[in-house]
Structure formats: C-alpha cells, structure tokens
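Inside the fold
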Amino acid sequence: MIPDRPDPAWLTGPGDAAVDDVIRVRGGTQMTGTVHVVGAKNSALKLMAAALLAPGRSVITNVPRITDIAIMGEVLRRLGCGVRFDADHPVDPMVAYGGVPRSRSVTIDVPETPGIDADCDLVRRLRASICVLGPLLARRGSVRVAHPGGDAIGSRGLDMHISGLTRMGAEISGERGCVVATAPHGLRGTEIVLDFPSVGATENLVMAAVLAQGTTVIDNAAREPEIVDICTMLSQMGALIDGAGTSTLTVVGVPGLHPVRHATVGDRIVAGTWAFGAAMTRGDVTVTGASPAFLDIALDKLVAAGALVETRRDAFRIRMEDRPRAVDVVTLPYPGFATDLLPMAIGLAAVSDGASLITENIFDGRFMFANEMMRLGADIQTDGHHAVVRGRQRLSGALVRATDIRAGAGLLIAGLCTDGVTEVSQVHHVDRGYPDFVADLRALGVEVQRGGAADEGISLGR
Ligand code: EPU
C-alpha cells in the first residue's frame, strides 16, 4: 500500500516545498519519442565563473534552467556582477514544452573590481562555486570562498586545487570554513602534475593560469568535453591555451581578457540518462542537442546489452527490442564511462538478463543510493567500490528518496520498469541538474505526476 503522502521525515531538503518535492511515475511504459537536451550544467556553471575573468558584458547561451544555475547567478550577483536570465532566442519549439523554455541565455556584467568575498550559505550549497577561486585570485590577487564541503556522493577534497594554486605562487589558508587565498606577487606560470584528472581542479587552474605571468603546464589534466568548452570560451576571450581535450594543457598568460558570447555544449549526462531510459524500458528514443561522440563508451555498453544505436553529429536514436543482457561497467575519468551515469547503469543491470559487476572509481559514496534502488526490488550487493547486480524481470513500485541529482533520475527511470507506481521524494535534487524532467518523461509517453494529490490518473495505494 502506497501512502497518500511521503513520510515528512524524508522532506528535509533546504527550503523544500514538501508536497512539490515528489514525482510519481507509473511503471510499464516503453519510452518512445524525441527529447531535446540543452546545455550542460557542469559546463555552464564554470562558464559563468569564467566570465569573471574579463570586465564587461559576457553572454552565455544554451544555459539549462535548473536550480544550480540560479544559485551560481546569485553567487555572481553577490560578487558585484549584474546577472540577467533571458529566454534563448529564437525559442526552439523542441526546447520549450508548454511555452517554458528549458534553456536560457545569461548576461553577466562584470565590474572592473569584482568582490573577493564568496562566503555565504549559497556557496556552501553548490560545490561548483569553488570555481570562482581561480578567476578571482587571478583578477584580484585575493579571495575568500566558503568551503563547499562534501555531498551525498562522497567527501570531495580540494587538495589539488590548493596545491596547484600554491605552486603558482598563491598563499592559501583555511579560516572558519573558508578557503582564503592571496597572491601578493601575482600568479606565475609553472608546471603542475595533478594526482588525478580532477575536473574542478583543472578548471580552477586553467582559469588562474590565463592571467598569470608566463606559461603554466598542467599534466594529467581532465579531458571532459566541459573542459574543452571552457577552454574554447577562454580562447575566444583572448586566452592562449593549447591541448584542450588532452592530458596536457599549456596556458600562456596574457595581461587581460575581453568579454565574449558563447554557447554551452550539450549535456552528455542528460543525453545518456535518456539513452539508458530507452534501453531499460525497451523503448525507442531519439535524443537531439548533444553529441553521441561524448558518450562513446556508454553507447557501446548499451549496444553490448542489445540496443540498436544510430548516431548523427548532434543526435542519436536508441532502440531496445528484447530484455537487456547484463554488462559490466567501470567508471573512469573521461573518456571512460561517466560516474554521473552510474545510477542508470545500476538500473539497467537491475532489469538485465544475468549478473553485472559495476565498479565506481571516482566518488567514494556513489553507491549510497543503492539502498533506494533495492526498495524497488533490485538485487544489489555492494562491497567497497564494487556492486554486483543480479537482474530481475521486473522491479516493484515503491516509495524511494533521491539522494543526489543522478540517483534521483536513475530511480525515476527504474520506476518505469516496475509493476506499479513509484514515488520519488526529495526531487529537488533532480531539479538541480535536469531542466524539466517531468515534461521530458511526458514527452516520451510516461505517465508521470509532480507533487500534489493523485489527480492525473496516477492512483496511489495500488
Ligand atoms: N578530488 C580530490 N581532491 C581535489 C579534487 C578532487 O580528492 O582537489 C576527488 C574528489 O573528492 C572526487 C574525485 O577527485 O572523489 C573527482 O573529483 P573532480 O574534481 O573530478 O569532480 P568535481 O569537479 O568535484 C565534477 C562534476 C561532477 C562529476 C565529476 C566527475 C561539476 C559541478 N561536477 O565534479 O558532477 O561527477 O566532475 O566527472 O562539474 C553531477 O553533475 O551530478 C556531478 C556530481
């Protein structure tokens, strides 16, 4: 029996409107249709921070309409920037459902001397806000940023950000939950070898290096498409960067940059979410707006599971006719299988024919959501950074809780493979990364309801 309302104890997210914090889906639907993906959250957030590097007006387009972007806009406002969100023009009907555009352009007016104090609750709520550290240190020679802490997928240190900036001449200390950095003699180019190709550290160091004196070489740099995107924007602003998309980035510092207009790269993780959804529900989905080249390994896994995949430059179609076959998955930095698709890989394994070994190498807490997946009847055994998942014909609808952005999306899609109704609470996490998950699900034929009572044909309690 599914109760009419979720247990209030689950609804503890910051500022949640509890009732609206729930999405219900009915299982048994095959996803079919077309879904359009807008710009990547993990790129747009950093592009907004990169705008700080040049005084004047920068415009970033194809920015997803999600909570994390709104928070980053507020962080920049508190640093003295003018920040305005507008509908992307012309509004593409593929991008807007019910007249609500899912991507926007953000106009950022950066003052000659932006603020240097980013110590506020907003910063703590958004891990990505640490990426204002590099640009502000480069522009102002001094900055104070609240330590963003960890979140539900692991501890997430900052040691590589700090040691890289220190090598460039910064003096960094921790003070009352903040990172305080100064560069009394300016930042200077140097050689930095990262212990691990950290996305955030690579971005912070590149943004610091573009205005440093001399040449910075970053070895073992991250190679994600979002890194290429930020390097492209910085180059358009006048930065001298070589090697974007490879493990060695060479940055020759310049005295100043100019503002720019730049379109955000399509979101490969959102695109991958729909690809797994199509495969898990034995559907037929066309995804537009993101390059399948950025999902090479994920799509290969789906082909190994039995999917038929057709690719074009910025679109792909994925069909699954039979029950998926079990496949093993190992997450790795790009171009490896993305950790952000791990919940979807577990969902696929949970309904596949056979047993899958899933290995997570990026975040120590990524399997925390496995308990929720098990409430849906998934057979999962975790041990450290491995999970063995034995596939079942069908899962069963239940009340579950989103523990982070990707876990929430993975649970909703797994809910489509159940024999009943699945109610996912704390979906404010999903809102942080997916512009309008409910509208997209509906466009793909899913019976879905956000918040409120069971008034749209999704009847609870059965
Ligand atoms: N790490 C350290 N020290 C550092 C930096 C990172 O120990 O100085 C560790 C982290 O604790 C983590 C691992 O290295 O275990 C990877 O961290 P990385 O810096 O690569 O990731 P991030 O920049 O914190 C971004 C995305 C994540 C995505 C990862 C990996 C943003 C805002 N976030 O995080 O996205 O999973 O890269 O691809 O860009 C999401 O969108 O849901 C999400 C979590």
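Residues numbered from 1 in each chain as written. Predicted model: local features only at pLDDT ≥ 70, side-chain atom pairs only at ≥ 80, totals over all residues. Heavy atoms only, no water.

1. Brief notes about the site of the ligand
Selection criterion: Throughout, the term near means that a residue has one or more heavy atoms lying within 4 Å of the molecule or strand in question. Within 3.5 Å is the distance limit for a polar contact, defined as a pair of N or O atoms, with the added protein rule that one can donate a hydrogen and the other accept it, and that residues adjacent in sequence qualify only through two side-chain atoms. Accessible areas in this description were obtained via Shrake-Rupley with a 1.4 Å probe; residue shielding takes into account the shown protein chains only. Numbering goes from the N terminus for both helices and strands, where a helix is a DSSP run of H or I of at least four residues and a strand is a run of E of at least two. Residues are sorted three ways: Asp, Glu, Lys and Arg are charged, Ala, Val, Leu, Ile, Met, Phe, Trp, Tyr, Cys and Pro are nonpolar, and all the rest, Gly among them, are polar. Domain start and stop positions are those given by an automatic or database domain assignment.
If you check the shell around the ligand, you find 23 residues, and the closest are Lys46, Asp159, Ser198, Asp340 and Ile362. Contact between the ligand and Asn42: an oxygen atom at 3.0 Å from a side-chain N or O atom of the residue. Notes on the ligand: free accessible area 820 Å², of which the protein chains cover 88%. Secondary-structure elements contributing two or more residues to the shell around the ligand are α1 (41-50), α5 (159-167), α6 (199-209) and α12 (405-415). Of the residues assigned to the shell around the ligand, the class counts are nine nonpolar, six polar and eight charged. Two domains share the shell around the ligand, each providing at least three of its residues, namely domain 1 (8-37 + 267-458) and domain 2 (41-263).

2. Some words on the packing of helix α4 (residues 133-140) against α6
Basically, it comes down to this: Working convention: axes come from line fits to C-alpha atoms, limited for helices to the stretch in contact. Angles between N-to-C directions cover 0 to 180 degrees. Comment on the angle field: the value is read as roughly parallel under 35 degrees, roughly antiparallel over 145, roughly perpendicular from 65 to 115, and oblique elsewhere. Crossing handedness is defined as follows: a turn of the near helix away from the far one that is anticlockwise and smaller than a right angle gives a left-handed crossing, while the clockwise case is right-handed. We call two residues in contact whenever any of their non-hydrogen atoms come within 4.5 Å of each other.
Where α4 meets α6, the closest approach of the two axes is 7 Å, and the angle between their N-to-C directions is 15°. The angle between the axes of α4 and α6 places the two elements in the roughly parallel class. Here the hand of the crossing between α4 and α6 comes out right-handed. On α6, the residues that touch Leu133, Gly134, Pro135 and Ala138 of α4 are Asn204, Met207 and Ala208. Tallied by class, the residues present in the contact of α4 with α6 amount to five nonpolar, two polar and no charged.

3. Some thoughts on the packing of α6 against helix α7 (residues 225-236)
Each pair of packed helices can be described by the angle between their axes along with the distance between the axes. Axis separation between α6 and α7 bottoms out at 10 Å; the angle between their running directions is 10°. It follows that α6 is roughly parallel to α7 by the angle criterion. In contact with Val199, Thr202, Glu203, Val206 and Met207 of α6, α7 contributes Ile227, Ile230, Cys231 and Leu234. Here the residues of the contact of α6 with α7 are counted per class, giving seven nonpolar, one polar and one charged.

4. Observations regarding the sheet that holds strand β18 (residues 308-311)
Stated formally: In this scheme, strands are said to pair when DSSP sees at least two bridges between them.
The four strands lie next to each other as β2-β17-β19-β18, forming an open sheet whose pairing is mixed. Across the chains shown, the open sheet's two edge strands, defined by having one partner strand only, are β2 (32-36) and β18. Strand-to-strand twist across the sheet, computed as the mean angle between neighbouring axes with direction ignored, equals 15°. Taken together, the five bridges between β2 and strand β17 (residues 284-288) define a ladder with parallel strand orientation.

5. As for the sheet that holds strand β15 (residues 248-252)
Remark on secondary structure: sheet strands pair via backbone hydrogen bonds, oriented parallel or antiparallel. Judged by pairing direction, the sheet is mixed, and its four strands sit side by side in the order β12-β13-β15-β14 without closing on themselves. Looking at which strands have only one partner, the edges of the open sheet turn out to be β12 (191-193) and β14 (240-242). Averaged over neighbouring strand pairs, the angle between their axes works out to 15° when direction is ignored. Of the strand pairs in this sheet, strand β13 (residues 215-219) and β15 are connected by five bridges, and their pairing is antiparallel. Directly across from Val217, in β15, lies its bridge partner Thr250. In this fold α6 packs onto β12, β13, β14 and β15, with an angle of close to 170° to the strand it touches most, β13.

6. Looking at the confidence of the model for the chain
The line we're drawing: A residue's pLDDT is simply how confident the predictor is in it, with values from 0 to 100.
Looking at the chain as a whole, the pLDDT averages 90, with 89% of positions reaching at least 70. Note that residues 1-17 has pLDDT below 50 and, in this model, 38 contacts with residues that lie over four places away or in other chains.

7. Notes on the packing of aromatic side chains
Selection rule: Each Phe, Tyr or Trp ring (for Trp, its six-membered ring) is paired with any other whose centre lies within 6.5 Å, and the angle between the two planes then decides the class: stacked below 30 degrees, edge-to-face above 60, tilted in between. Classification of residues uses two cut-offs on accessible area relative to the type maximum, computed with a 1.4 Å probe and protein chains only: under 20% is buried, over 50% is exposed, and between them is partly exposed.
What the rule picks out here adds up to three aromatic pairs. Aromatic pair Trp274 and Phe437: ring centres 4.9 Å apart, planes at 25°, arrangement stacked. One end of the pair, Trp274, is in helix α8 (residues 268-280); the other, Phe437, is in helix α14 (residues 437-443), and 163 residues separate them in sequence. Like Phe437, Trp274 is buried. Consider the rings of Tyr434 and Phe437, whose centres lie 5.0 Å apart with planes at 80°: the pair is edge-to-face. Overall, Tyr434 belongs to the buried group, its relative accessible area being 2%. Its relative accessible area of 3% is what places Phe437 among the buried residues. By the ring-pair criterion, three or more aromatic residues cluster together here, those being Trp274, Tyr434 and Phe437.

8. Focus on α6
Of all 11 residues in α6, nine are buried; the element is thus mostly enclosed. Inspection of α6 places Ala201, Thr202, Glu203, Asn204, Leu205, Val206, Met207, Ala208 and Ala209 among the buried residues, and these make up the whole buried set. Looking at where α6 begins, the residue whose side-chain oxygen comes 3.5 Å from the main-chain nitrogen of Gly200 is Ser198.

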